[in-house]
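Examination of the molecular architecture
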Amino acid sequence: MSKFFIQTYGCQMNVADTDRMTALLERAGGEAVERPEEADLILLNTCSVREKPELKVYSRLGELRKLKRRNPDLLLGVCGCQAQREGEAILRNAPYVDLVLGTANIERVAELVAQVRRTGERLLALEMPRRGTPSWMSPDPHMTTDLVDLLPEAAPPARGKLKAFVPVILGCDFACTYCIVPKTRGPERSRPAGDVLGEVRALAQTGTREVMLLGQTVDAYKAHYHADDPPGSRVWSLADLIWAINDVDGIERIRFTSPHPMLMHDELIDAVAECPAACEWIHLPVQSGSSAVLKRMARRYNRERYLDRVRRIRQAMPGCALTTDIIVGFPGETEADFQETLSLVEEVRFDGAYMFAYSPRPDTPAYGWDGEVPHGEKIERLNRLIALQNRISLENNQEQVGRTFEVLVEGPSEEGAGLFTGYTRENKTCHLPGHPGLVGRTVKVRATRGAQWGFMGEPLEPVGAALPVLA
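Let us look at the structure shown here. What you see is a predicted model, and the numbers here were worked out from it, not measured in a lab. (Residues numbered from 1 in each chain as written. Predicted model: local features only at pLDDT ≥ 70, side-chain atom pairs only at ≥ 80, totals over all residues. Heavy atoms only, no water.)

1. Topic: a positive patch on the surface
The grouping of Arg-65, Lys-66, Arg-69 and Arg-70 at the surface amounts to a positive patch. With respect to the helices and strands, the residue Lys-66 is situated in helix α2 (residues 51-70). Among the residues examined, Lys-66 registers a relative accessible area of 51% and is labelled exposed. (Patch = residues over 30% accessible without salt bridge, like charges linked within 9 Å, V, L, I, M, F, W, Y side chains within 5 Å. Areas by Shrake-Rupley, 256 points an atom, 1.4 Å probe, with all protein chains shown as cover. Salt bridge = Lys/Arg side-chain N within 4 Å of Asp/Glu carboxyl O. Lys, Arg positive; Asp, Glu negative; His and termini not counted. Charge placed at Lys NZ, Arg CZ, Asp CG, Glu CD. Helix = DSSP H or I, 4+ residues; strand = E, 2+ residues; numbered from the N terminus. Buried < 20%, exposed > 50% of the residue type's maximum accessible area, 1.4 Å probe, protein only.)

Structure follows, in structure tokens:
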């Protein structure tokens, strides 16, 4: 196996896929390198949620072609969602690409790279599992052999990361009209609970302190403990999984993303509120504040249902941080619809948001719909929304000055010499004075200044070295 370099675009699931491919290639004898110029295998792990990341990939491929000309032994591959969506078109448009690897085939990455090396032939691997019964619709789901064969193994090789992504459910059976994920990630399939717990235990043994449970619709999770458990045996929910991970030695923090508001049931909210390791942070995508737009998006909830879930979360956890996703300019969105989004943001007062202008995606139900909002109007609305959310984020954080937070310190800060960066349980960035011995430790910190991105803070306990004074 060769020296390899993987460049990642997109969401946390893509980052998790990159971690997985890295572990599998290293297991096969490969060596990860920091620069593409050092590699004889380069993989681009791609995203298809919006058009811009796809265009970036083709631009990057053009740059990497120069390396391939200088090094005939260099293999160039495209993985992930864009690979799954475009498939043969990538081989056609970029004839210097050797391997196109779809989302359900990352487990085979080492095998397929070896095959390309051995045969010298370009390879396309886009196998996708069959669509089964969505787990959130079935009272007693049972994996089919197809789905189990395309799930990750129980535990990857140790990576020794302080924070780790752990996919628990792959694919999606919702059909939101703007979304390409069902096309690029396939049908929903939950990993057996025993496999997830095995992976978490292995990570904890290498120093992982925080896990983020991942899924396109993570609260749809429903699985048996083992893939071959008989129908009628106990089925685990995401709440069950959280409680079980809470008992894994070494794991101090549990997060999950992204849930669907329709499936944000009281059981899950109560698990986050009561489970000691579960963090007081929920990312709950809303997409729009207009019930009419939500209906066209096929989101399966309306404005009132969403606000009801927010109220229930805040009743159970008054200090819980809430973040969200919002799309502006969906086909047919009027100024009145957009004003409903602004009013919802004002009412909920999210701690942060990922905000985007709608990007039409081929192979989605909404592609080509009438009522397209002019690009300039989309951007103008997006800028108004960003300005509103930035103001609220700043106000929220300024209101927290003087509070004490538990900060898991991750490493040196870019804010200045002698400062280190970590995250609170509420997923807020915190910069604090310290020294390298703090990395990996959880420190009690008082917030001294609030900013849009989080806090500056001061430790409330001895940390073993003289500390600079914060301005």
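Structure's up, so let's keep going.
2. Notes on the nonpolar core
Ranked by internal contacts, the top residues of the largest apolar core, which has 71 residues, are Leu-213, Tyr-221, Leu-241 and Ile-245. Looking at this core element by element, the count peaks at six residues for helix α8 (residues 193-205). Not counting the four nearest positions on each side in its chain, Leu-213 is found in contact with Val-166, Val-168, Val-218, Leu-238, Leu-241, Ile-242, Ile-245, Ile-254, Arg-255, Phe-256 and Thr-257. One finds Phe-5, Leu-61, Leu-67 and Val-78 within the second-largest nonpolar core, a separate group that totals 21 residues. (Core = buried A, V, L, I, M, F, W, Y, C linked by side-chain atoms within 4.5 Å. Contact = heavy atoms within 4.5 Å.)

3. Here's the deal with the packing of helix α10 (residues 266-274) against helix α12 (residues 303-316)
As a packed pair, α10 and α12 sit with axes 9 Å apart at the nearest point and diverge in direction by 30°. Overall, the two elements α10 and α12 adopt an arrangement that is roughly parallel. Seen along the crossing, α10 lies across α12 with a hand that is right-handed. Packed against α10, whose contacting residues are Asp-266, Ile-269, Asp-270 and Ala-273, the element α12 presents Arg-309, Arg-312, Ile-313 and Ala-316 at the interface. Taken together, the residues of the contact of α10 with α12 break down into four nonpolar, no polar and four charged. (Axes fitted to C-alpha atoms, helices over the stretch in contact; angles between N-to-C directions. Parallel < 35°, antiparallel > 145°, perpendicular 65-115°, else oblique. Left-handed = near helix turned anticlockwise from the far one by under 90°. Nonpolar A, V, L, I, M, F, W, Y, C, P; charged D, E, K, R; others polar.)

4. Some thoughts on the packing of aromatic side chains
Any two aromatic rings considered together are summarised by their centre-to-centre distance and by the angle between their planes. As enumerated under the stated definition, the model contains seven aromatic pairs in all. Among the aromatic residues, ring-to-ring pairing joins Tyr-178, Phe-330, Tyr-358 and Trp-369 into one connected group. Positioned above the aromatic ring of Tyr-423, the side-chain terminus of Lys-163 is 4.3 Å from the ring centre. In this arrangement the basic side chain of Arg-234 is found over the ring face of Trp-236, its NZ or CZ atom lying 4.3 Å from the centre. (Phe/Tyr/Trp six-rings, centres within 6.5 Å; stacked < 30°, edge-to-face > 60°. Lys NZ or Arg CZ within 6 Å of the ring centre and 35° of its normal.)

5. Observations regarding the side chain of Thr-177
Looking at where Thr-177 falls in the secondary structure, it is placed in the loop between β7 (163-170) and α7 (181-185). Given the relative accessible area of 7%, Thr-177 is considered buried. One polar contact links the side chain of Thr-177 to the main-chain carbonyl oxygen of Arg-296, over a distance of 2.8 Å. Those residues within four positions of Thr-177 in sequence are excluded, and the remaining contacts are Arg-296, Met-297, Ala-298, Phe-330, Thr-364, Pro-365, Ala-366 and Trp-369. (Polar contact = N/O pair within 3.5 Å; in protein donor to acceptor, adjacent residues only side chain to side chain.)

6. Concerning the sheet that holds strand β13 (residues 281-283)
As summarised here, the arrangement of the three strands in space is β13-β14-β15, forming an open sheet in which the pairing is parallel. Each of the sheet's edge strands pairs with one partner strand only, and the pair in question is β13 and β15 (352-357). Along the sheet, successive strands turn relative to each other by an average axial angle of 10°, direction set aside. Direction of pairing for β13 relative to strand β14 (residues 321-328): parallel, over a ladder of three bridges. Bridge pairing links Ile-282 to Leu-322 in β14. In the packing of helix α14 (residues 375-399) onto the sheet, the strands contacted are β14 and β15, and the crossing angle to β15 comes to about 175°. (Pairing = 2+ DSSP bridges.)

7. Here we look at helix α9 (residues 238-246)
Counting along an α-helix, one turn takes 3.6 residues, and residues three or four places apart therefore face a common direction. Counting buried positions along α9 yields seven of nine residues, so the element is predominantly enclosed. Within the sequence span of α9, burial applies to Leu-238, Ala-239, Leu-241, Ile-242, Ala-244, Ile-245 and Asn-246. Buried-residue contacts for α9 involve β7, α8, β9 (210-215), β11 (236-237), β12 (253-257) and α10.

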